[in-house]
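# Understanding the architecture of this molecule
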Amino acid sequence: MTAEAGLAALWFAAALAALQLVMAAMGLRTGREDVLAATRPIAVVQGVLAAIAMGCLVSVFLASDMSVRLVVENSHSAKPWLYKLAGAWGNHEGSMLLWVTILGIAGGAVALLERRLSERSLIATLGAQATIALGFYAFLLFASNPFARVFPAPPDGLGLNPLLQDPGLAFHPPTLYIGYVGLSVAFSFAVGALVTRDVGPAFARAMRPWVLGAWIFLTLGITAGSYWAYYELGWGGWWFWDPVENASLMPWLAATALLHSVTVLATRDGLRAWTVMLAVVAFSMSMIGTFLVRSGILTSVHAFAVDPRRGAFILALLAIYIGGALALFALRVGTVREGARFELLSREGGLVANNLLLSVILGIVLIGTLYPLVAAGFGVQLSIGAPFFNKAAGPVALVLLAVMAAGPLIRWRRDDAGELMERLLLPIAAACFSFAGLFLLGESMRLLPLIGLSLAAGLAVASVAPLWKRNLRRTPLFTWGMVVAHLGIAVSLAGMACDSAFTQERLVAVRPGEPVSVGPFSVTLVGIRPLIGENWSGLEAHLAAARGGNTLVLTPQLRFFANPPTNTNETAISTRWDGQLYTVLGQPDGTGRWQLRLWWKPFVTLIWAGGALIALGGALSLLGRVSRERRVALREVWA
Amino acid sequence: MKRWTLWLPLLAFVAVVLVAALALMAPGDRTVRSALVGKPLPQFALAPLVAGKPGVATSDFSHGGPRLLNVFASWCIPCEAEAPQLLRLKQLGVPIDAVAVHDTREAVTNFLRRNGDPYRGVGDDPASAVQLAIGSSGVPETFVVAGDGTILMQHVGAIRDEDVLAIAHAAGVVG
């Protein structure tokens, strides 16, 4: 019964999305007040219905209703409840339903909360949202119905991929989806602004919280995904330039650029066409990402069920939305009035440099990700990995980071080069000092990590410099946000440089009792014991890691899952203040020895701590913007 | 800005969509292309490991029809899983030689008693020297080698049920 209710809610939501589109188009054409006024409540109800459908799917999964095909294929009654819950979106149909649910809720929120934008632009925005939603509703209802039944119902389900049975991963897809959908709202705002030719600061201010929100969630999603890959895959790396990782990185790069250009548009009324373009690009990157992941045309460590028809459907949606928006851009943007001009050496100039460099990196990642597809078209099989991306994007990223250090210290409109250099003196000194210090201390550091660490030091000083000589309690929250986010980049960069410069790795086969040294630790295999888990059996190694007078106990495992039959490695990681000891249990070699893989990774945790700081900075900024807008709105009411 | 430049983003996007559509229509070939496919099998000669069976050497692959070279170990669980498929290939008439990696005589003898014995010869590769020379990075892996010693195919991982036909086809025993 619940499944049918969910399906009904989904059909009603789709019908309302169609109505929303018709009403918006009619209202904009005729200008009739009553038609325009009806669009907002429709958007709200559509969001509520989509949420009801998602709720029904979750309840079917929690109840392990084995008459629903999706539950059979992706769940098992013996699973812990958290993974039953995560099973609802840990598959193609469920994740698409989650996508439209978030899209519907976001549309409803825009309809309820947005007050700054002109009524016509807002209605055009809601029309664009309805168009996007309609495509996904059609996709769900015609090509991937999550509520389909099976008859007769089997006694139990097939289970969830054991690699996905991890609490962190249960929340990884929803986080990224909120980010993707937030960018779809920005896209709708851009299309709405193009339709009404109203590209100005009001549009930028309306769009900004959505871009910021999307960007915060993308940052969190990428950071969490990177840590998950780090401890779950057992390869000791934190970024693999895998197509699916790139699929989440590309929208983030575009959103980062958009975040900065939208500020120029909101405060200085500049970069109008460019900001609209970036809003379109950011959403198209999230659609291209979804397409690459879901169609399975690229091989990746992330195995998803592959169905070419689904890929074709997403590609068709992508072509219609993005192609349509780009055509609208080409037709309309020429008629949008040019924005305010500015000097080259100014805050605006710095932000343009940021945008250009981010776009270059985005282009490199996009080409590197798609090139194997092009090559396959010519019958050449190749894969592009870290060597290309690091070499091509690394130097550009270093330049970007240098610009980033200077950017917040440049004045709006125009600045003086000499005065700017004075403000930059301290950061440059910090960078040079750490470079010299590391060069003298570190006996054999490679050049790139050396530059990375010195740059991180300079960047950290430069990030907090905007707070210099300011009354900290009166500094606006969004300035704090920028400082914290930029500092987060410096912290993360330091972690990456430390990891690549100082990591020590040992791959050994040992008998119990033989000590192995890695970094400051001496690790001994004490013994191996069998284990029975909730839905797996396995072997657990007991490792004693001694350093100074202290001994740590680590217990890496080798797990065997029955449903479906798979082996996984559970790494054991011990986090110390100065780094992580990372251990993996391998196979026995048949003569009483066990393979062990050990890493000592100094300060590697800074990578993810930096990611969290970046997201925190975004959150502070969002809070600052929203509360200021509310104060302004209240003042207008009282005036 | 010139008006026509405004259409460039759309043009670039159309190109990306076309590439994606083509890739979607012609799903790529997922087989691993070893650098050694099409090249002659590297020179090696391994001593016998199991009583009553010869070792394996490159010269065994220089005459007769195509045959398989299976890289395995008695301590490897997927190797046990692929044993029935190897037996089927043997029944289909494909001769199979094996390189046993990091293994002992008793362990391999036990392994063959438990899982059946598809092999003509088993060579002893105690330090993975031959395994690395022929471009195999793990166990199990299976090479199809032509009668003149040319490597025709490399199969990485256990041979599953659905792989048997493709391998038999590459070895020329089924059309």
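Residues numbered from 1 in each chain as written. Chains lettered and ligands numbered in written order. Predicted model: local features only at pLDDT ≥ 70, side-chain atom pairs only at ≥ 80, totals over all residues.

Before going further, it helps to examine the overall build of chain A. Helix and strand counts for chain A come out as 18 helices and 10 strands. A compact globule built from 639 residues should have a C-alpha radius of gyration of about 26 Å, and chain A, at 26 Å, falls within 12% of that. C-alpha atoms of chain A, sized along the principal axes, occupy 85 × 80 × 55 Å. Taking all 639 residues of chain A together, the buried fraction comes to 48%. In chain A, of all internal contacts separated by at least 6 residues, the share reaching a separation of at least 24 is 74%. (Helix = DSSP H or I, 4+ residues; strand = E, 2+ residues; numbered from the N terminus. Rg over C-alpha atoms; globule rule 2.2 N^0.38 Å. Buried ≥ 20, exposed ≤ 12 C-beta atoms within 10 Å, placed from the backbone. Contact = placed C-beta atoms within 7 Å.)

Within chain B one finds 5 helices and 7 strands. The order of helices and strands in chain B, counted from the N terminus, is α-β-β-β-α-β-α-β-α-β-β-α. Here the C-alpha atoms of chain B give a radius of gyration of 22 Å, more than 25% beyond the 16 Å that 2.2 N^0.38 yields for 175 residues. For chain B, the residues scored as buried account for 34% of the 175 residues in total. In chain B, 76% of the contacts between residues at least 6 apart in sequence involve partners at least 24 apart.

Looking now at the sheet that holds strand 6 (residues 141-145) of chain B. By way of backbone hydrogen bonds, the strands of a sheet pair with one another, either parallel or antiparallel. All names here are of chain B. The 5 strands lie next to each other as 5-4-3-6-7, forming an open sheet whose pairing is mixed. Because the sheet does not close on itself, it has two edges, and the strands there are strand 5 (121-125) and strand 7 (151-156). The average undirected angle you get between the axes of adjacent strands in this sheet is 20°. (Pairing = 2+ DSSP bridges. Axes fitted to C-alpha atoms, helices over the stretch in contact; angles between N-to-C directions.)

A separate point is helix 1 (residues 8-25) of chain B. An α-helix turns once per 3.6 residues; consequently, residues spaced three or four apart project the same way. Residues and elements named next belong to chain B. End to end, helix 1 covers 26 Å across 18 residues, agreeing with the expected 26 Å (1.5 Å per residue, within 8%). Phe13, Ala20 and Ala23 are the residues of helix 1 that are buried. In a view along the axis of helix 1, the buried residues occupy a sector of 85°, so they form one face of it. Structural note: helix 1 exposes Leu8, Leu11, Ala15, Leu18 and Met25 on the side pointing more than 90 degrees away from its buried face. (Expected span 1.5 Å × (residues − 1). Arc of directions from axis to C-beta.)

Turning our attention to the interface of chain B and chain A. How large an interface is tends to be reported as the accessible area lost when its parts come together. With 25 residues of chain B at the contact, the number on the chain A side is 30 residues. Here the side of chain B that touches chain A gets 11 residues from one element, more than from any other, and that element is helix 1 of chain B. Of the residues that constitute the side of chain B that touches chain A, the class distribution is 16 nonpolar, 4 polar and 5 charged. (Nonpolar A, V, L, I, M, F, W, Y, C, P; charged D, E, K, R; others polar.)

The subject of this paragraph is the sheet that holds strand 9 (residues 579-588) of chain A. All names here are of chain A. The strand order across the open sheet built from 4 strands is 1-10-9-8, with neighbouring strands paired in antiparallel fashion. Edge positions in the open sheet fall to strand 1 (504-510) and strand 8 (572-576), since each of these has one partner strand only. Strand-to-strand twist in this sheet, taken as the mean axis angle between neighbours without regard to direction, amounts to 15°. Here strand 8 runs beside strand 9; their pairing, made up of 5 bridges, is antiparallel. Bridging across to strand 9, Ala572 finds its partner in Thr583.

This part is about the domain arrangement of chain A. Residue and element names in this part refer to chain A. Annotation of chain A at the domain level lists domain 1 (1-165), domain 2 (171-408), domain 3 (416-500 + 606-613) and domain 4 (504-602). For domain 1 versus domain 2, the separation of C-alpha centres amounts to 24 Å. Contact residues are listed per partner, giving 25 residues for domain 1 and 29 residues for domain 2. Put simply, the parts of the chain that give the side of domain 1 that touches domain 2 at least two residues each are helix 5 (92-113) and helix 6 (119-143). (Domains from an automatic or database assignment.)

Turning our attention to the packing of helix 1 (residues 2-30) of chain A against helix 2 (residues 33-62) of chain A. Residue and element names in this part refer to chain A. Contact geometry for helix 1 and helix 2: axes closest at 8 Å, N-to-C directions at 160°. One finds that helix 1 runs roughly antiparallel with respect to helix 2. For the pair helix 1 and helix 2, the crossing hand works out as left-handed. (Parallel < 35°, antiparallel > 145°, perpendicular 65-115°, else oblique. Left-handed = near helix turned anticlockwise from the far one by under 90°.)

All names here are of chain B. When you tally the buried positions in strand 6, you get 5 out of 5 residues, the bulk of the element. Residues of strand 6 alternate between two faces, with Glu141, Phe143 and Val145 on one and Thr142 and Val144 on the opposite face, all of them buried. Relative to strand 6, strand 3 (residues 67-72) is paired through 5 bridges, and the arrangement is antiparallel. Residue pairing in the sheet places Asn70 in a bridge with Thr142 of strand 6. Bridging between strand 6 and strand 7 involves 5 bridges; their strand directions are antiparallel. Paired with Glu141 across the two strands is Val156, which belongs to strand 7. What sits between strand 6 and strand 7 in their antiparallel hairpin is a turn of 5 residues, with Gly149 showing a positive phi close to 90°.

Glancing now at unusual backbone geometry. Residues and elements named next belong to chain A. Phi at Ser64 takes a positive value of approximately 50°, unusual for a residue other than glycine. Summarising the element assignment, Ser64 is placed in the loop between helix 2 and helix 3 (69-74). Although it is not a glycine, Phe603 adopts a positive phi angle of roughly 60°. Residue placement: Phe603 occurs in the loop between strand 10 (594-602) and helix 18 (606-638).

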